[in-house]
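Here are the chains, one letter per residue:
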Amino acid sequence: MLGSNIWWSAMGWKVACGVLFTILLIWNTWENLEIIPLKINQEYEYIIVGTGVGGATVASGINSEDVLVLEAGNEVFSLMNIPVLGPMLQDSPYEWNFYTEPQENAAKALKKRQVHWTLGKIFGGSHMLNNQIYIRGHPDDYREFAGEEYDFQRDIERHFEQFESDMKPQELKFRTRLADAFIKAGQESQNVNFTLPQVTQKRGMRYTVANFYQNLRRNGHRVVLGAFVTKVTFEDDQKTADGVKFIKSGKKYSVRARKGVILSAGAVGSPKILLQSGIGPKDHLADVGIHLRVDLPVGENLMDHVTTGYNLLLLNESLHLNLQGILSPTSIFSMFFNGEGPMSMPGCESLAILPLNPDLSKLQFMVMPVGITQDFGIHLRKITNINDKVWKNYFEKMLELHSATILPIVLHPKSRGVVRLRNADPQSSPIIDPRYFSHAEDKELLVKGIQFLEKLFETEALQKIGAEINPLLLPGCESHPWSSREYWTCYVEHLTLTTFHPAGTCSIGKVVEKDFRVMQTRKLFVVDASVMPNLPTGNPMGSVGMLANRFLTLHGISRHFGH
């Protein structure tokens, strides 16, 4: 009988996902139709590329009435803003569907050892797909960003405050008993402080910086969606940016910028545009046949908050985040009338950072009340790229179990990767190689994180809900005794995951100056996570917003602070 129930539940997910993806596909196709020919000016004061946190913050703050904003993705409709549907936008027309290169030291449980990197191709960028978590990070995170004039209280903090004033992050309104159990377990152990996350929501719906920018209705700002930027153009001196080229609906356009071109296309998109424009490592550009303009380490220093742990947690009873619970009349009423309930769940419902533990000070934990078996392998399995053997012999065995996820996350990884061009064709997907665990300390830290969790699971609070570390043996690691250090090392090497926090590929001090201007150029800037020389202590969305407000202040074009 239980098998029959699982079959019917799986069919329910299949129908629900099918309906949703049909709606998304129809909307995306409609948005791509160019019914009215695009009419834009030949020249603007500023051109901004990308509408993620960086680009939308900059666009919100520029007081010019002559701004062009270009976004490769299309418009959002209201259904997409329901937080619980965020994963459904992955592996859809609203993200780039990039995959890493096969990983030498990691991702053995994934198809072709490739990690699916979900990056937003939509108005709002990756802020439309993430867990909406707002964290300031640690003051020391920003010393390299600001230089000798660094003063967190006077300078960096006010830029965070501006972002908070715009976005008004709020404490997560809905949680399961799992979040409460972890909060109590942390208090009981006195080693970790689990808290409810602050999220960027408005009345329970996802609220992005692009939404904020849209609501400002800036006079003289023109937003063009479905605009794929291929390169930056330059004046005769070869160093002064004067505009961009882009493609929309198969047609090519060129537009000029009098005061500046601002790239905010993310840690993959911004370096890709620079490389296509002849700004990057000399040898690499020669290999792909692009004329060198400026020799800079563009695309290097790629880093990501690496993690592991899908379905790491088993429980003695359901948390009721199944399809029936999410789509129940009570849940729908709670969402659309009170802005709360299961549909407002962004993914993570509790988190902790361990700043006081010397061994684990570089770790974050994120508690998620679901596993990738939640939809019976209909969609979540696909977006995580789990291979067939591991799915059948590990995850499929959990379909009848109550599982959840807790992710130990390496906050300051030492492994570094690269973003490169595959060839000179701007429409070819880039080469993304994060080189996970190329530095062994990252892997060792994740193992320590799992061992810490094993001790945490001995607390009365977690014992009360029957919580335990998943005792099933991960395929490929059967030769090691379960729970041994060797087993967890093997587990981490196989089930290597991303938190979708790429950064560093246009780092301050290496590719851009501290004022965000690309070195050895004029009127060309990068403002997004790619400029971070190091990852912040926590989810980076707030840090990107802070940096964008700092850019506006440094260049005297902000509605907020002046020069």
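A. Spatial organisation of the overall build of the protein chain. Each helix and strand in the protein chain was counted, giving 16 helices and 25 strands. Here the C-alpha atoms of the protein chain give a radius of gyration of 23 Å, agreeing with the 24 Å that 2.2 N^0.38 yields for 563 residues. Considering only C-alpha atoms, the protein chain reaches an extent of 70 × 45 × 45 Å along its principal axes. Here the protein chain holds 563 residues, and 61% of them are scored as buried. With the model as given, the accessible surface of the protein chain reaches about 22300 Å², and the carbon-plus-sulfur share is 51%. One finds the centroid of the 57 positive side-chain charges in the protein chain at a distance of 5 Å from the centroid of its 58 negative side-chain charges.

B. Seen up close, helix α15 (residues 485–494). Of all 10 residues making up α15, 7 are buried, and the element is well covered by its neighbours. Along α15, the positions that sit buried rather than exposed are Tyr487, Trp488, Cys490, Tyr491, Val492, Glu493 and His494. The secondary structure elements touched by the buried residues of α15 are α13 (440–456) and β23 (468–469).

C. View of the environment of valine 223. Within the secondary structure, valine 223 sits in strand β10 (residues 221–225). With 283 residues separating them along the chain, valine 223 and cysteine 506 place their C-alpha atoms 25 Å apart. Setting aside residues no more than four positions away along its own chain, valine 223 makes contact with Val69, Phe123 and Tyr213.

D. Broad picture of the pairing of strand β13 (residues 251–263). Two elements, strand β1 (residues 43–49) and β13, share 6 bridges in a ladder whose sense is parallel. Along β13, the bridge assignment pairs tyrosine 46 with glycine 260. By the bridge criterion, 3 bridges tie β13 to strand β25 (residues 524–526) in an arrangement that is parallel. Counted as the bridge partner of leucine 263 is valine 526 from β25.

E. Quick look at helix α10 (residues 329–338). Taken residue by residue, α10 has Ser331, Ser334 and Met335 as its buried positions. All buried residues of α10 project into a common sector of 95 degrees when viewed along the axis, lining one side. Away from its buried face by more than 90 degrees, α10 exposes Pro329, Thr330 and Phe337. In this structure, the buried side of α10 is in contact with β9 (205–206) and α9 (323–326).

F. Examining the state of the cysteines more closely. Summed over all chains, the structure comprises 1 disulfide. Put simply, cysteine 477 and cysteine 490 are joined by a disulfide, and their sulfur atoms are 2.1 Å apart. In this structure the cystine formed by cysteine 477 and cysteine 490 twists about its S-S bond by roughly -85 degrees; its chirality is therefore left-handed. Residue cysteine 477 is found in the loop between β23 and α15, and its partner cysteine 490 is found in helix α15; the two are separated by 13 residues along the sequence. On the accessibility criterion, cysteine 477 (0% relative accessible area) is buried.

Parameters and conventions
- Residues numbered from 1 in each chain as written.
- Predicted model: local features only at pLDDT ≥ 70, side-chain atom pairs only at ≥ 80, totals over all residues.
- Heavy atoms only, no water.
- Helix = DSSP H or I, 4+ residues; strand = E, 2+ residues; numbered from the N terminus.
- Rg over C-alpha atoms; globule rule 2.2 N^0.38 Å.
- Buried < 20%, exposed > 50% of the residue type's maximum accessible area, 1.4 Å probe, protein only.
- Areas by Shrake-Rupley, 256 points an atom, 1.4 Å probe, with all protein chains shown as cover.
- Lys, Arg positive; Asp, Glu negative; His and termini not counted.
- Charge placed at Lys NZ, Arg CZ, Asp CG, Glu CD.
- Contact = heavy atoms within 4.5 Å.
- Pairing = 2+ DSSP bridges.
- Arc of directions from axis to C-beta.
- Disulfide = S-S within 2.5 Å.

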